[in-house]
Amino acid sequence: MEMAWVWTGMVTLSLVFGLLSGNLDAVANAALEGARSAVELSLSMAGVLCLWSGVMEIMNACGLASGLARLFRPVLQRLLPEASKDPETLAAVSANVSANLLGLGNAATPLGIRAARKMARGCGGVASNELCLLVVLNTASIQLIPATIASVRAAAGCATPFDILPAVWLASLMSVAAGLLAAWLLSHGRVRR
């Protein structure tokens, strides 16, 4: 609801300043151009997201996604020992990490929500350390193929949208390492108090 007020205020201020400065036509043209650009970007991103979602479906159908998830299970069992006791929760977390690894944030979100709901059972309304760690892993995910970023770059006219791969790999590794370290430090600080 607050964002509705923010957007309403921004539009109102734009119209008022456009009227006062005599540039109301420019404000209207900019609004129409912005709307056109937003639709073009959305359509081009939708195509790329459909492509990668289709790739994810093919990976699911041929068992590659479950194989990738199995690869992560030993690491996740060490990071999330309580969640690992429930095979369904571990499968959801593994699938979430796999989808994030492929840069499919939209496909990873429902899996992450399912895993978080399963992990939240029995927490009494307070997030456990493992649930917080899941949020960290989901937010600071390592990405091998940054599909969403590449689609935005391609929609903006970039000829080589995947030339950012080394930077994405380094940044995502560093963000996961920093997130895991912060979660570990905060969880141990909370236990000691």
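Up top is the structure.
This is a predicted model, so every value here is computed, not measured.

Draft legend 1. Summary view of the overall build of the chain. The helix and strand tally for the chain stands at eight helices and zero strands. Walking the chain from its N terminus toward its C terminus, one meets helices and strands in the order α-α-α-α-α-α-α-α. Over its C-alpha trace the chain gives a radius of gyration of 21 Å, far above what one expects of a compact globule, namely 16 Å for 193 residues. Along the first, second and third principal axes, the C-alpha set of the chain runs to 65 × 45 × 30 Å. Here the chain holds 193 residues, and the buried ones make up 27% of them. Of all intrachain contacts in the chain linking residues separated by at least 6 positions in sequence, the fraction that spans at least 24 positions is 62%. In the structure as shown, the chain presents an accessible area of about 12300 Å², 71% of it carried by carbon and sulfur atoms. Distance from the positive charge centre (13 side chains) to the negative charge centre (10 side chains) of the chain: 14 Å.

Draft legend 2. Structural context of the environment of S94. Summarising the element assignment, S94 is placed in helix α4 (residues 87–101). Classification of S94 as buried rests on a relative accessible area of 0%. When the C-alpha positions of S94 and S42 are compared, they lie 29 Å apart, and in sequence the two are 52 residues distant. Beyond its immediate chain neighbours, meaning those up to four positions away, S94 contacts A69, R73 and L76.

Draft legend 3. Looking closely at the pattern of salt bridges. Overall, the coordinates contain five salt bridges when judged by the stated rule. Across the pair R36 and E33 runs a salt bridge, and its minimum N-O distance is 2.4 Å. Note that R36 and E33 are positioned in helix α2 (residues 24–62) at a spacing of three residues, about one turn of the helix. When its relative accessible area of 41% is taken as the criterion, R36 is described as partly exposed. Residue classification places E33 among the partly exposed residues on the basis of a relative accessible area of 37%. Where D163 meets R153, a salt bridge forms, and the shortest distance between an N and an O atom there is 2.5 Å. Taken together, the residues span a long stretch of sequence, with D163 in the loop between α7 (147–155) and α8 (165–192) and R153 in helix α7 at a distance of ten residues.

Draft legend 4. Just the nonpolar core, in detail. Core analysis: the largest hydrophobic core is formed by 14 residues, its most contacted members being L76, L80, V93, A115, M119 and L134. Within the residue set of this core, elements represented by two or more residues are α4, α5 (105–120) and α6 (129–139). Setting aside its immediate chain neighbours within four residues, L80 contacts V93, M119, E130 and L133. Counting residues in each nonpolar core, the second largest holds six residues, with L101, L102, L104 and A147 among its members.

Draft legend 5. Seen up close, the side chain of N96. With respect to the element layout, N96 can be found in helix α4. You can call N96 buried: its relative accessible area is 0%. Among all residues touching N96, those that are not within four sequence positions of it are A108, L111, G112 and N138.

Draft legend 6. Quick peek at a nonpolar patch on the surface. A cluster of nonpolar side chains, M3, V6, W7 and M10, forms an exposed patch at the surface whose accessible area comes to about 420 Å². Considering the arrangement of structural elements, one finds W7 in helix α1 (residues 2–21).

Draft legend 7. Layout of α7. Within the span of α7, buried status applies to A147, A150 and S151. Down the axis of α7, the buried set is contained in an arc of 100°. They therefore lie on one face. Taken from the residues just after α7, G157 is the one with a positive phi, measuring 100°.

Thresholds applied
- Residues numbered from 1 in each chain as written.
- Predicted model: local features only at pLDDT ≥ 70, side-chain atom pairs only at ≥ 80, totals over all residues.
- Heavy atoms only, no water.
- Helix = DSSP H or I, 4+ residues; strand = E, 2+ residues; numbered from the N terminus.
- Rg over C-alpha atoms; globule rule 2.2 N^0.38 Å.
- Buried < 20%, exposed > 50% of the residue type's maximum accessible area, 1.4 Å probe, protein only.
- Contact = heavy atoms within 4.5 Å.
- Areas by Shrake-Rupley, 256 points an atom, 1.4 Å probe, with all protein chains shown as cover.
- Lys, Arg positive; Asp, Glu negative; His and termini not counted.
- Charge placed at Lys NZ, Arg CZ, Asp CG, Glu CD.
- Salt bridge = Lys/Arg side-chain N within 4 Å of Asp/Glu carboxyl O.
- Core = buried A, V, L, I, M, F, W, Y, C linked by side-chain atoms within 4.5 Å.
- Patch = residues over 30% accessible without salt bridge, like charges linked within 9 Å, V, L, I, M, F, W, Y side chains within 5 Å.
- Arc of directions from axis to C-beta.

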